[in-house]
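Coordinate analysis (summary)
Spelled out, the chains give:
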Amino acid sequence: MVWVAKRAQAVTAERLRKGVQPVVIPSARELIAAKERVQYMDGLFHFAIAGVSGSGKSSLINAFRGLRNGDAGAAPTGVIETTSQIDRYPDPNPRLPFVWYDIPGAGTLNQSDWLYFNSQGLFVFDCIIVLFDNRLTATDISILTNCRRFQIPAYIVRSKADVHIRNVMTDMGYDSETDGGTRHAETYNTAREHHIAETRATVKKNLDGAGLPDQRVYVVSHKTMVSAVKDRVLSPNTIHELELIRDLLEEACARRCIPRSDATQMNGTVLGPCVH
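This structure is a prediction, so every number in the text was calculated from the model and none was measured.

**A look at the nonpolar core**
In terms of nonpolar packing, the biggest core is built from 28 residues, with F64, W100, L244 and L248 touching the most fellow members. Taken together, the elements giving at least two residues each to this core come down to β1 (45-50), α3 (57-64), β3 (98-103), β4 (127-132), β5 (154-158), α9 (222-231) and α10 (241-254). For L248, the residues in contact, after removing those within four places along its chain, are F47, F64, W100, C127, I129 and Y155.

**Concerning the pairing of β3**
With six of its six residues buried, β3 lies for the most part within the structure. Burial along β3 is two-sided: F98, W100 and D102 facing one way and V99, Y101 and I103 facing the other are all buried. Here β1 runs beside β3; their pairing, made up of six bridges, is parallel. Bridging from a neighbouring strand, A50 pairs with I103 of β3. Where strand β2 (residues 87-90) and β3 come together, four bridges link them in antiparallel fashion. Residue pairing for β3: Y89 is matched across the bridge by W100.

**A closer look at the side chain of D102**
Its place among the elements puts D102 in strand β3. Here the side chain of D102 touches K57 through a polar contact of 3.4 Å, side chain to side chain.

**Structural notes on the packing of aromatic side chains**
Under the criterion given, the structure shown has 10 aromatic pairs. Their ring planes at 90 degrees and their centres at 6.1 Å tell us that F98 and W100 sit as a pair that is edge-to-face. Across this residue pair, the class does not change: F98 and W100 are buried. Note that K35 overlies the ring of Y40, its terminal NZ or CZ placed 4.7 Å from the centroid.

What counts, and at which threshold
- Residues numbered from 1 in each chain as written.
- Predicted model: local features only at pLDDT ≥ 70, side-chain atom pairs only at ≥ 80, totals over all residues.
- Heavy atoms only, no water.
- Core = buried A, V, L, I, M, F, W, Y, C linked by side-chain atoms within 4.5 Å.
- Buried < 20%, exposed > 50% of the residue type's maximum accessible area, 1.4 Å probe, protein only.
- Helix = DSSP H or I, 4+ residues; strand = E, 2+ residues; numbered from the N terminus.
- Contact = heavy atoms within 4.5 Å.
- Pairing = 2+ DSSP bridges.
- Polar contact = N/O pair within 3.5 Å; in protein donor to acceptor, adjacent residues only side chain to side chain.
- Phe/Tyr/Trp six-rings, centres within 6.5 Å; stacked < 30°, edge-to-face > 60°.
- Lys NZ or Arg CZ within 6 Å of the ring centre and 35° of its normal.

If you want it as structure tokens, here you go:
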């Protein structure tokens, strides 16, 4: 019996050395404990937003909730993550039984990427948004892999589109101080398309390398998002913000968290005639 245990341990160690992650299924007790920890409630839809510290999770959560950074009830921003605490933010819209969660980045924790999903109890959430700023990390890939195992809907979102597009414009030699506005629109559109294409190509490469199927990536800015949700204004800089809102609402409908009539009304209120 001891020999069998040691042999199993050696096989597991060898698989880990080769990068093969073990499948860890939570027990019934772990499931109950995780739900209690995040205050999971039947009838609500629980969105987890996971990403490294500084990826813009708090700003995006605020935007989804129709709040600007600094508004009353908004998630604090600009705070460096130092603990493993999961922050819970109910949606202020009474018609949307949503709860948004800020999941601490794995960089603040002393644990392996493949342990992160279970240790954070991500298996209890109804939907997981993997948010990244510059690149997908090994933990992001691990989350996406486990989402497939647990059949949890997962969305890949790249944040700070406005900042990245501005940086591309700078790399293209654009200078607003000397331009006088004559080249801005053309340069912006070129930089925008470059940023979208580069993001899609990078994500596809990362997914291919992990043996995961290709999936859509949403390129967003929290400033544009909050304009759509809070002000119901369509910014000329909109990229995928409205489509992301629509798809998240559709996800909630598919899970029967909210009646389709309410979601349709919200689609019309937030998205208007912009999404076909």
